[in-house]
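Residue-level listing of the chains:
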Amino acid sequence: MHKALISALVIFFTLTVSIAMADTIANRLGFTGKVGFATPIKDDFINGTSETKTGFAGGGGLLYGFGDYVAAELDVTHLPKLDVKNGGIKAYEATLTDIGLGLQCRFIPNGKVVPYISAGADFIKGSLKHVSGNDYDLDWTYGGHVSAGVDWFLTKGIALTVEARAVRTISGDILSGSTKVGEYDPYWVQGTFGLRMFLPETFWR
């Protein structure tokens, strides 16, 4: 009993000290994993339809700190299933992959809690399946994103992260083979939470 209590106290104080020693990400590479939900803003996400439902979003990426306040990010988000309805009846299932490149502006970089904002370019591709079984390609399209979030450092190398992001691109082509049969209009907001793990600065030495 006493050993278990002592062990619990050691773990508690170790974690407390680690939190107090949260550090900058300057010259450190981070790996991010996240899950959440995405909500299309345009009801006619697929031209000719009337409603698109909220769906799961998940992914991850890389983050590299150039200094205390600026970091570059590569982010990949996958939306595996968005139900698209027409007149209240499900017509399609859409799948999207968003590759984002951007810059973060980070505030209070040496704090335990580090808020940030970011913006960048997005490249999106996907697929579309009609309820009848017909499959279509959602050709590449491009646009941008803005986001805001918070990293809460548990240790110097591990942080919990929460982020809200809005993604907007130009219309893309819906293809049947090589033939254009319609257009899709990616425009959504998403909320995610996850974990960042940073390599120590000395990793590169």
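Conventions adopted
- Residues numbered from 1 in each chain as written.
- Predicted model: local features only at pLDDT ≥ 70, side-chain atom pairs only at ≥ 80, totals over all residues.
- Heavy atoms only, no water.
- Helix = DSSP H or I, 4+ residues; strand = E, 2+ residues; numbered from the N terminus.
- Buried < 20%, exposed > 50% of the residue type's maximum accessible area, 1.4 Å probe, protein only.
- Contact = heavy atoms within 4.5 Å.
- Pairing = 2+ DSSP bridges.
- Core = buried A, V, L, I, M, F, W, Y, C linked by side-chain atoms within 4.5 Å.
- 1 Å grid on protein atoms, 1.4 Å probe; cavity = no way out; pocket = protein on both sides within 12 Å on 5 of 7 lines; lining within 4 Å.
- Points joined across faces, edges and corners; volume = space filled by probe spheres on them.
- Nonpolar A, V, L, I, M, F, W, Y, C, P; charged D, E, K, R; others polar.
- Salt bridge = Lys/Arg side-chain N within 4 Å of Asp/Glu carboxyl O.

So, the overall build of the protein chain
Item 1. Check the secondary structure of the protein chain and you find one helix and eleven strands.
Item 2. In sequence order, the protein chain lays out its α and β elements as α-β-β-β-β-β-β-β-β-β-β-β.
Item 3. Going through the 205 residues of the protein chain one by one, you find that 38% of them count as buried.
Item 4. Put simply, of all contacts in the protein chain between residues at least 6 apart along the chain, 62% involve residues at least 24 apart.

As for the pairing of strand S11 (residues 187-198)
Item 1. Alternating residues of S11 divide into Trp188, Gln190, Thr192, Gly194, Arg196 and Phe198, all buried, and Tyr187, Val189, Gly191, Phe193, Leu195 and Met197, none buried.
Item 2. In this sheet, S11 lies alongside strand S1 (residues 29-40) in antiparallel orientation, the contact comprising eleven bridges. By the bridge assignment, Val35 is partnered in S11 with Phe193.

Observations regarding the nonpolar core
Item 1. Membership of the largest hydrophobic core comes to 19 residues, with the highest contact counts inside it found for Ile46, Leu96, Leu128 and Tyr184.
Item 2. Counting only elements with at least two residues in this core, the list comes to strand S4 (70-86), strand S5 (89-106), strand S6 (113-130) and strand S7 (135-153).
Item 3. Among the elements that take part in this core, S5 stands out by supplying four residues, more than any other.
Item 4. Grouped together as the second largest cluster of nonpolar side chains are seven residues, Ile25, Leu63, Ala71 and Ala159 included.

Some thoughts on the side chain of Arg106
Item 1. Mapping Arg106 onto the fold places it in strand S5.
Item 2. With relative accessibility at 2%, the residue Arg106 sits in the buried group.
Item 3. Once you skip the residues sitting within four places of it in the chain, Arg106 turns out to touch Ile25, Leu63, Asp68, Tyr69, Ala71, Val114, Pro115, Tyr116, Asp151 and Phe153.

Description of empty space enclosed by the protein
Item 1. Counted by the stated rule, this structure contains one cavity of 30 Å³ or more.
Item 2. Counted as a void, the largest cavity has a volume near 110 Å³.
Item 3. Lining the largest cavity are 16 residues; nearest its centre among them are Thr32, Lys34, Asp75, Glu163 and Arg196.
Item 4. Taken together, the elements giving at least two residues each to the lining of the largest cavity come down to S1, strand S3 (55-65), S4, strand S8 (158-169) and S11.
Item 5. Across the lining of the largest cavity, the residue classes tally to five nonpolar, five polar and six charged.

Quick word on the environment of Ala26
Item 1. Take Ala26: it is sitting in the loop between helix H1 (2-20) and S1.
Item 2. Since its relative accessible area comes to 11%, Ala26 is described here as buried.
Item 3. Each C-alpha atom, one on Ala26 and one on Asp68, is 5.3 Å from the other, the two residues being 42 residues apart in sequence.
Item 4. Setting aside anything within four residues of it in sequence, one finds Ala26 in contact with Gly65, Gly67, Asp68 and Glu201.

Re the pattern of salt bridges
Item 1. Enumeration over the complete set of coordinates arrives at 14 salt bridges.
Item 2. Residues Lys34 and Asp75 are paired through a salt bridge, measuring 2.8 Å at the closest nitrogen-oxygen approach. Of this pair, Lys34 sits in strand S1 while Asp75 is found in strand S4, placing the two residues 41 residues apart along the sequence. One exposure class covers both Lys34 and Asp75, and it is buried.

Some details on the environment of Val76
Item 1. Within the element layout of this structure, Val76 appears in strand S4.
Item 2. With 48 residues separating them along the chain, Val76 and Ile124 place their C-alpha atoms 9.8 Å apart.
Item 3. For Val76, the residues in contact, after removing those within four places along its chain, are Gly58, Gly59, Gly60, Thr97, Asp98 and Ile99.

Observations concerning the pairing of S7
Item 1. The pairing of S6 with S7 spans 16 bridges and is antiparallel. Looking at S7, one finds that Ser127 is bridged to Asp137.
Item 2. Joining the antiparallel neighbours S6 and S7 is a turn of four residues, in which Gly133 adopts a positive phi near 110 degrees.
Item 3. By the bridge criterion, eleven bridges tie S7 to S8 in an arrangement that is antiparallel. The residue of S8 that forms the bridge with Phe153 is Ala159.
Item 4. In this structure, the hairpin formed by S7 and S8 is closed by a connection of four residues.

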